[in-house]
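Architecture and fold: a report
The primary structure of each chain is shown beneath.
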Amino acid sequence: MLKKINAWVEERLDLSTLRHLTLEKTVPKHRYTPLHLFGGVALFFFTVQIVTGILLLLYYKPTAGEAFKSVEFIVTQVPYGWLIRSIHSWSANLMILAIFIHMFAKYFLKAYRKPRELTWVSGFILLVLAMGFGFTGYLLPWNELAFFATGVGTESVAATPVIGHWLLLILRGGENVTGATLSRFFAIHVTVLPLVIIGILSIHLLLIQAQGMSKPIGIKEKGEIPFVPNFMLRDLMMWLGALIVLVGLATFFPWELGHAVDTFASAPAGIKPEWYFLSMYQTLKWMPPFFIGISGELIGITLISIAGALVLLVPFLDRKASREEKSPWFTIIGVLAIIFLIAITIYARFS
Amino acid sequence: MDSSRRKFLNGLLGIFSLGGVAAVLSPLVHYLTPVKKQETAVSSVAAAKTNELTPNTAKLFKFGSKPGILIMTPGGDYRAFSAVCTHLGCTVQYSSAERHIWCACHNGHYDLNGNVISGPPPRPLEEYVCFVKGQEVYVKRREA
Amino acid sequence: MPDFPDRRSEMKTRTILILIALISFGLGVHADETSCEICHSKLKGRLSQPVTQWKNSIHQQNDINCANCHGGDPSAKNMKAAHSRSKGWIGKPGPIQIVKLCGTCHANESFMKKYDPNSRTDQLKNYMTSNHGINIMKKEDGRAATCASCHGAHDVLKAMNPRSHVYPENVVDTCAKCHGDKKLMAQFDISGDEVADYKSSVHATALYKKHDLSAPTCNDCHGNHGAAPPGAASVEKVCGTCHVMNQKLFDESPHKEWDEIGLRGCVECHSNHAIKPPTDAMLSTDKGVCLNCHDSTEPAFKTMEAMYKTLTGLETKLMETREMVNNAAEKGMLMDDAMLKLQDAKTAYIKSRTATHKFSSDYLDHIAKAALVDVTNIQKLAKERLMEVTKRRTSFYWFGGLFFILLILLGLKIRSMEK
């Protein structure tokens, strides 16, 4: 029976890639192999986001008048609504954390080097998109904290030269954060970003399948293990672990709902963005108001953009690695970057 | 490893996997089942049914996490206020006999515009906007 | 309009006109300025201050100027003519003169109506009955307050103008100019502590911290123009103007005849100027205020004991409930409905505290019952929510356990596969 179906499909489609994936694909085995699992974890959280996101859409109402009430309804009236909503929020944060770990793991293994430059570039774009998800999703419950944090967050795009104000208007749908902003963020969060991210993610995964896993420079291999089922079962174990942690966090620390937006209220003290924006937030905060006639905000945004561009272009900058030589400088820069990011994030969180 | 042990392991895995799938699916099924009590559409609150109040009566309703008071004036129009007394935060009530709002804690009196007539309250009550839609009287916060 | 023959003569005329304008501006010749203003504003210190203070005053706004009070000739060009006694110049009026001067207008109903139809004209009449008025007008004792002592001589403003000396937030300091001066007050057998006492009171907190203008200041209890300490019999009526409920209950209580034995109503327990926020401790068996008159053998002691028990019991329960609600909220449950009910309980609790003024433990228990019912309901709700939290956590233990076993089985599977 199975064979018949197989043959029926084979007649119409070329399944050689799939066969290659299931039968022949292998993963190099060495002491860093477990580091390869974090991409899978990020993918798992992304899947959770899709499922819980669709579920939330069934009850969520994206208007200024109803958004908060509908989320309140989800967490109080809908059976397990509190769980779904809490998981969606926690999973979003864990996903970004997993992406960071995944990215740094690949960075230190120099997995970005030729011929996998495009995998790195697409991965970086995925990180930016994930942060975009976080930024737009944060506003959707329409609570006080998100309302003011979004005001601050969108304000920084206004520093862009020439088109800054226009960009701000486009993003906010007006001069201020209003119901129009909510509509826009909702549209971006549930249609634009998902479409884009699925496209880029497909490229990212396709490249991985096409090129296989990279081997670290100068590492002794202990052979190869088949992708299916050996590596996949390891992936599965990670996912189960991630699921336990996720549901545990969602149960014991249900994501706060906060208070409904009251546009007439003054901003509560200590408005801070989500943790993954803290390093950027703090950089902008440290900028002087003006520096040789240029606004500090613009300098800050330029610096952040340059840093982003450098990360994006790492595969092309690290010439040594692309010649399969060790590049200790990049390792040192990476370590410094991690220390800097963690330090600035902790500082911003507790200052 | 002998094949019987392997079979046993596979069997266990199968059973627990089924359990796992059930554990994930059951909340989802519950989540999808529609709830009887539907949420009210709100920046406004449905404070009362139109046939609920007669002239010169009032009722308290929930406005966010604070009480509000909806009054049908002797003249037959609706007025709504925050029911939190501006003195010490007691919940005010409507006095049909005196035809105005009254706080029992320290005998504060407010007129039908929420202004203080007598007693200790320092400020008027916050007034809300009322409107009738279908069979319900809705109340919402005043826009600036 | 003159007809200018050519540009040159036009220029000349213009120059002259500008010169005249500049000179007259420099001299300060201004259509509605009196010579009093012109000269005094150029003088130094004490002699120019009245002009500065008078500007922006309610009198200046209504064209009541220097001569209306001081007399003299405001149109005269030299000092002697302006300050001519024959033109009625009186210089600086004395205390009695001040009162009479103000009274000429402010006690004249038809005159005051021209400015403000609601204006009162009884100030002078009231003042004559006040201790201030009696001292000044009858005993001719210039140490007491005249109109100008409180309202200012030149910078007179409407009472509700925040810069006015008699604006609620300023009036205490205005009275304190004399009543805060212990030496001066000793001459009148007044302690002089009243202002300091007031500033430590719950009323002062309401006024200065919350900027609650309805909080009483000196004049709200003592009257303003007819200022005098309220007599023993009227104390509770004075307090009762705001604390209506308390007065009503007090009048129904066994204490209603206090004034007949010379006790001063509310003041006996709450003091007069230094009124502190009331606490349950006022009814406690060791330092309750009732002990001032009653001892432990009297039935009143039993009432006090019972009321104390009810109130503190209610307060403890309320705090306990609030904690339960907060606890559930901290554990992630939405407690808006419970908070709403807590509001009702708080209302009932405040009502209970007011109810003590009937000095009947039965009445208090009756009122407190409502609060107890509320509290019990909220506790039930909070318990339900906390149960729900436990339920959720227990479910997670099962869920986590199941998946943990699955995880281990998978590990075993991998090991057996790769052996």
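Before reading further, recall that the structure is shown in the block above.
The present account deals with the structure reproduced in this document. Along each chain, residues carry numbers from 1 onward, in the same order as the chain's sequence is written. Going through the entries in the order they are written, you letter the chains from A and number the ligands from 1. For this predicted model, a pLDDT threshold of at least 70 governs which residues receive local features, and a threshold of 80 or more governs which side-chain atom pairs are given and counted, while totals over whole chains, interfaces and linings are taken from all residues.

Quick look at the overall build of chain B
To be explicit about the condition: A helix here means a DSSP run of H or I that spans at least four residues, while a strand means a run of E at least two residues long, and both kinds are numbered starting from the N terminus. Using C-alpha atoms as the atom set, the radius of gyration is obtained and then compared with a globule rule of 2.2 Å times the number of residues to the power 0.38. Put plainly, a residue is buried at 20 or more neighbouring C-beta atoms within 10 Å of its own, exposed at 12 or fewer, and partly exposed in between, counting only other residues' C-beta atoms, which are placed from the backbone. Each residue is represented by a C-beta atom placed from its backbone, and any two residues with such atoms within 7 Å are regarded as in contact.
From N to C terminus, chain B includes 1 helix and 10 strands. Shown N-terminal to C-terminal, the secondary structure of chain B runs as helices and strands in the order α-β-β-β-β-β-β-β-β-β-β. Computed over the C-alpha atoms, the radius of gyration of chain B is 27 Å, more than 25% above the 15 Å expected from 2.2 N^0.38 for a compact globule of 144 residues. Considering only C-alpha atoms, chain B reaches an extent of 90 × 35 × 30 Å along its principal axes. Within the span of chain B, comprising 144 residues, buried residues form 31% of the whole. For chain B, the share of sequence-separated contacts (at least 6 apart) that also reach a separation of at least 24 residues comes to 35%.

A short note on the packing of helix 6 (residues 117-139) of chain A against helix 9 (residues 179-211) of chain A
Residue and element names in this part refer to chain A. Put simply, the rule reads: Axis definition: a line fit to C-alpha positions, over the contact stretch in the case of helices; interaxial angles, taken between N-to-C directions, run 0 to 180 degrees. Any angle that is under 35 degrees is reported as roughly parallel, and any over 145 degrees as roughly antiparallel; angles of 65 to 115 degrees are reported as roughly perpendicular and all others as oblique. Left-handed describes a crossing in which the near helix is turned anticlockwise from the far one by less than a right angle; the clockwise case is right-handed.
Remark: helix 6 packs on helix 9, axes separated minimally by 9 Å, with the N-to-C direction vectors making an angle of 160°. Judged on the interaxial angle alone, helix 9 and helix 6 are roughly antiparallel. For the crossing formed where helix 6 meets helix 9, the hand is left-handed.

Here's the deal with the nonpolar core
Defined as follows: Each nonpolar core consists of buried Ala, Val, Leu, Ile, Met, Phe, Trp, Tyr and Cys residues. Their C-beta atoms, within 7 Å, join them into a set.
Judged by nonpolar contacts, the single largest core of 80 residues is most densely connected at F45, M95, W142 and L246 of chain A. The residues contacting F45 of chain A, other than those within four sequence positions of it, are S91, L94, M95, A98 and A242 of chain A. The next biggest cluster of nonpolar side chains, apart from the first, holds 56 residues, and it includes A83, V84 and V92 of chain B together with L249 of chain C.

Side note on the interface of chain C and chain B
Note the cut-off: Classification used: nonpolar for Ala, Val, Leu, Ile, Met, Phe, Trp, Tyr, Cys and Pro, charged for Asp, Glu, Lys and Arg, polar for all others including Gly.
Every contact between the two is made by 26 residues of chain C and, on the other side, 25 residues of chain B. Broken down by secondary-structure element, the contributors of at least two residues to the side of chain C that touches chain B are helix 18 (244-251), helix 21 (336-355) and helix 22 (361-418) of chain C. Here the side of chain C that touches chain B takes 10 residues from helix 21 of chain C, the largest share from any one element. Here the side of chain C that touches chain B is built from residues that sort into 13 nonpolar, 6 polar and 7 charged.

Structural notes on the interface of chain C and chain A
In this complex, chain C contributes 17 residues to the contact, which on the side of chain A involves 18 residues. In the side of chain C that touches chain A, the residues fall into 10 nonpolar, 3 polar and 4 charged.

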